[in-house]
Structures are given as C-alpha cells and as structure tokens.
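# Fold and contact review
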Amino acid sequence: YRPLKRWSHHDSRDTIFALSSGHGKCGVAVIRTSGPASQKALQQLTKLQILPPPRQVTLASIICPKSGELLDRGLVVWFLGPRSFTGEDCCEYHVHGGPAVVSGILQALGHLKTLCPAKPGEFTKRAFQNGKLDLTEVEGLGDLIHAETEVQRRQALRQMSGELGQLYQRWSHQLIRALAHVEAFIDFSEDDNIEEGVLSAVDKEVEKLRKELEEHLKDNRRGERLRDGVQVVLAGATNAGKSSLLNVISQKPTAIVSSIPGTTRDVLETTLNIGGYPIIMSDTAGLRDSDDPIEKEGVRRAKARVTEADILVAVIDVSNSTISQDFILAHLHNMCLNVQENGPRSVIVVLNKMDLLSQDHLSTMQELCQKHGLPPICLLSCHTGEGIGDFLRIFRQTLETIYGDPLQGAPTITQTRHRFHLTACLDALRRYDVYRQQDLVLVAEELRIAHRQLGTITGRIGAEEILEIIFSDFCIGK
C-alpha cells in the first residue's frame, strides 16, 4: 500500500484542530483535535487529571490555558487511536454553538504550541493515510455531506459503506493473482516445472473480469447523473407553455411568462427535488425559424441542450382547434427521431392548455393519452393546475425506471475519475488478448497496468502482494 503524496506542510505526527460542524449560530458545535498531543490538550483545557473512558461522553469545564478563563461547559469525548475516525488519538469538544464560544475555544487550542490548525479535509486525509477509509469511501463521505436529496443520500451512504471499494478491491485481487501466475511462469517455469495450465487458468480469469468490467461500465452513467443532477429539458414551439410549466413545477416565478412569442431567448436553469431525485430543469427558447439574430442563437442553444438532455419534456399547445391527433402523432414521430439521433433518451409529452379545449377536442386528446406505443403523454393546464399531479406522477415513474434505487443491485460508478480509470483498466485487459500469443512479458505489463488503474481508484497501489502470491501458490525456492 503506497499512500498519496502529502498535500500540506503538516507532518503526520502534528496534532491538528478545527471546527468539524457547520459555521454560524447553532445549538451545539463540535471541535475536533487529532494527533499525539490530543491527550495533553484535553487535560490542559479541562484540568482533568484522569482521562475520560474512551468513546464515553463526559461533562467538563473548558478553560483557556493561557488566561485561566472559563470559556464554556460542554461535553468532551476521548477517542484512543486507532479506534477513531482518523486512526489517531482524537478528542471532540461538544460546546454551545455561539460564534464567540467557538472562536474562544479555537483560540485557546491555538495557544498550545503542540497544536496547529487543520487544513481543509485534513482529518479525512489522515483517515485515508491510516487505512481507515479508501479513496472511494472518502469520496462517498464528501458526497454524503453535500447530498441534497434522498436519492443522493442513499447513493453516497452506500459508497461510504465501502461496497464500491470492495468490488474494485476484489477485481484488484484477481488481477494480482493473474499477474503473479504469469510472472511465476516467466521466471520459474523451466526450473520448477510450472505447467502451461497455469496460463490457461489466467486466460479464463482475465476473460471473466473483462466481461464484468464491460457490464459495470454499461450503466448509462446512472450514478454520475444522480450525483450531479439529472438534466431535464423543456422543449417545444413558442408559446407552448414551457416557462409556465417550469414556474408551476418550481412553485415560484423562475421564468418570465408573456403572451408575446419568443419571450425566452436563452437557456434558463433551476434545480429541483422531485421524488428525492436531483433535477436540473432547463427552460429553452421556442423552436421556430426566425430572422432575429438573438432569437436564432436562442434556438441554436435550445437544440444543443436537447441533445444533452437525460429526459426531454416536449410541450405542445393543444388549444388550437385545428390540431388533430394525426398532427400530434406526426409531430411526436419527427421529434423522437431527432432526439434519438444523439443517443437514446426518455421523452415525456405534455399537452398543455387543456382548459381552452372544447369537450369534443378534450375527449380526442384524452384518447390520445391512452394510446400505447407512444412516449408517456399527459394532458394538463398550467393556468388552472389541472393535470399537474398526473405529470409529476409520470415524471417520478420515469425517474424510477431509469435510475432506480441506489440501494438496490450492484453499486454504480459515481465519479468521472472512476470511469476514466476503469476504462483504462478494460483497455489493458483487451490488449492482454492481443499480446497473449506474442510475448508473455507484454502480457504481464498489461496486467500490471490494469491493476495500477484499479489501485488508483481506491488509493491502494503496491507490489508486495504479487510476491506473496508467487511464493505461497507455488512454494518456489522452498
């Protein structure tokens, strides 16, 4: 195991301190120290002669060691390393959350020569360096802290639990074993009679791992979209009601609404939480031909955003009595063809302004909504709010169908960094097949590259395990 290079001037033996809870006024604030001087700092600030039992809450007076002034009465928790978050001796001070109290205690800790302020993320860095977390768990912790929706919380919690890291670690162990066997065959096959069957077993193991990686990468970027937000684009002709729909869904006047065609000329984004899923919803310019250079640019941007959408909401104005089922079907057919040109994506059709329809026309549109073989269609009125509930229900069902529950099934890729290294690992395994009949030295190098790419994801990169497997599996040299 080789840790990453240090990112601050602090030595790992330094004792660091910082406010671990949020800034601002609050009922309780948590201040943490980590390092070998945590015990001495605790005794200096509380005047306790005997340390509290580890991981038990103790009420104590917190005193400035320089002036002897009482700063607060709060709870202290002592963690004896390695059974702590960072793996070092740690102490937490749970104090009243007023800014003056927090500032006074931080200044008191700063008066101690054995302590220094923590750099951003330094507690988590030490947890990684001390083997308490791997990099995937560190990233899961960061995502959990920043999670804004229920689905993001679930996904981050699952990654923080180590399930994703365990999957990559299992693949890493398989690669190590395969590489060890190839290395053993290269170096010792003539002297120690290692048979050709060893390489056949490696071939099968590599083929199995390659298929698992390919399947893992075919996830439609589901985890990354849940982490960063699902891109939803409202598209349609001018005055179809896109901006009105955005305002109704967001429950605030996000977009300017006007009866004048072409009011929206740029892409307008808002973030939403729908059914626990993080949504980035974009209102776009009405799609039509125009001689106005500004509107033309807005239409160009709208078309570009449609190609980037994870879910497209096509808004159609059905208040015009000349619009028939045939017209809408032809419109949907052309729209779906254009959308699918840039990759598969989900489409939801909104037939807006139902409050302006005659009873006969309304029945015709309702009949259209029930037809099979079409994208989900809902009839609504942004003006009266009728049908909005049905739209949100269809929208949630679409999200659940595409992205599912992050707690179910195999863990998904959540970071672009992971995808980059997994793709590089897969490329190396594919080159294994190319070099297999040419040169075993090149084969071993590709396995080594594949293993290094997986190790980069978790932060665990080392060669010691390869030697252990060579000698334990083959008893080479007795």
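Residues numbered from 1 in each chain as written. Predicted model: local features only at pLDDT ≥ 70, side-chain atom pairs only at ≥ 80, totals over all residues. Heavy atoms only, no water.

So, on to the overall build of the chain. Looking only at helices and strands, the chain features 16 helices and 12 strands. Taking all 478 residues of the chain together, the buried fraction comes to 48%. Pairs at least 24 apart in sequence give 68% of the contacts found in the chain among residues at least 6 apart. Split by element, the accessible area of the chain, about 24200 Å² in all, is 52% carbon and sulfur. (Helix = DSSP H or I, 4+ residues; strand = E, 2+ residues; numbered from the N terminus. Buried < 20%, exposed > 50% of the residue type's maximum accessible area, 1.4 Å probe, protein only. Contact = heavy atoms within 4.5 Å. Areas by Shrake-Rupley, 256 points an atom, 1.4 Å probe, with all protein chains shown as cover.)

Among the 5 residues that make up strand E1 (residues 15-19), 5 are buried, leaving the element largely enclosed by the rest of the structure. Residues Thr 15, Phe 17 and Leu 19 point to one face of E1 and Ile 16 and Ala 18 to the other, with burial holding for every one of them. Inspection of the sheet shows E1 paired to strand E2 (residues 28-34) by 4 bridges, in the antiparallel sense. If you follow Ala 18 over to E2, its bridge partner there is Arg 32. (Pairing = 2+ DSSP bridges.)

UniProt feature "coiled-coil region" (unreviewed entry): in the numbering of this structure it lies at residues 199-226. Helix makes up 86% of residues 199-226 and strand 0%, and the two end C-alpha atoms of the span are 41 Å apart. (UniProt positions renumbered as here; feature names shortened; annotations may be inferred.)

Interhelical geometry of helix H14 (residues 416-435) versus helix H15 (residues 440-458) gives an angle of 165° and a closest axis separation of 8 Å. In terms of orientation, H14 lies roughly antiparallel with respect to H15. H14 and H15 meet at a crossing whose hand is left-handed. Residues Arg 417, His 418, His 421, Leu 422, Ala 424, Cys 425, Ala 428, Leu 429, Arg 431, Tyr 432 and Tyr 435 of H14 lie in contact with H15, whose contacting residues are Leu 442, Val 443, Glu 446, Leu 447, Ile 449, Ala 450, Gln 453, Leu 454, Thr 456 and Ile 457. Its residues assigned to classes, the contact of H14 with H15 shows 14 nonpolar, 4 polar and 3 charged. (Axes fitted to C-alpha atoms, helices over the stretch in contact; angles between N-to-C directions. Parallel < 35°, antiparallel > 145°, perpendicular 65-115°, else oblique. Left-handed = near helix turned anticlockwise from the far one by under 90°. Nonpolar A, V, L, I, M, F, W, Y, C, P; charged D, E, K, R; others polar.)

The subject of this paragraph is a nonpolar patch on the surface. The grouping of Val 57, Leu 59 and Leu 75 at the surface amounts to a nonpolar patch, some 270 Å² of accessible area in total. A relative accessible area of 52% places Leu 59 in the exposed class. (Patch = residues over 30% accessible without salt bridge, like charges linked within 9 Å, V, L, I, M, F, W, Y side chains within 5 Å. Salt bridge = Lys/Arg side-chain N within 4 Å of Asp/Glu carboxyl O.)

All right, on to the pattern of salt bridges then. Any two side chains of opposite charge can pair, given that their charged atoms come close. Counted under the stated rule, the structure contains 32 salt bridges. When the shortest N-O distance is used, the salt bridge between Arg 419 and Asp 219 registers 2.9 Å. Here Arg 419, found in helix H14, pairs with Asp 219, found in the loop between helix H7 (197-217) and helix H8 (222-228); they are 200 residues apart in sequence, far enough to count as distant. Look at Arg 419 and you get buried, because its relative accessible area is 9%. Judged by relative accessible area, Asp 219 falls into the buried class, the value being 6%.

As a further point, take the nonpolar core. Membership of the largest hydrophobic core comes to 29 residues, with the highest contact counts inside it found for Leu 245, Ile 279, Met 281, Val 313, Phe 391, Phe 395 and Leu 399. Counting residues per element, the ones that place at least two in this core are strand E7 (230-236), helix H9 (242-250), strand E8 (268-274), strand E9 (277-283), strand E10 (311-317), strand E11 (346-352) and helix H13 (388-403). The greatest single-element share of this core, amounting to 6 residues, is contributed by H13. Membership of the second largest hydrophobic core comes to 28 residues, among which are Tyr 168, Val 182, Leu 422 and Leu 447. (Core = buried A, V, L, I, M, F, W, Y, C linked by side-chain atoms within 4.5 Å.)

Turning our attention to the environment of Ile 394. Within the secondary structure, Ile 394 sits in helix H13. A relative accessible area of 12% means that Ile 394 is categorised as buried. Considering only alpha carbons, one finds Ile 394 and Ile 377, 17 residues apart in sequence, at a separation of 8.5 Å. Sequence-distant contacts of Ile 394, defined by excluding residues within four places in its chain, comprise Ile 348, Pro 376, Ile 377 and Cys 378.

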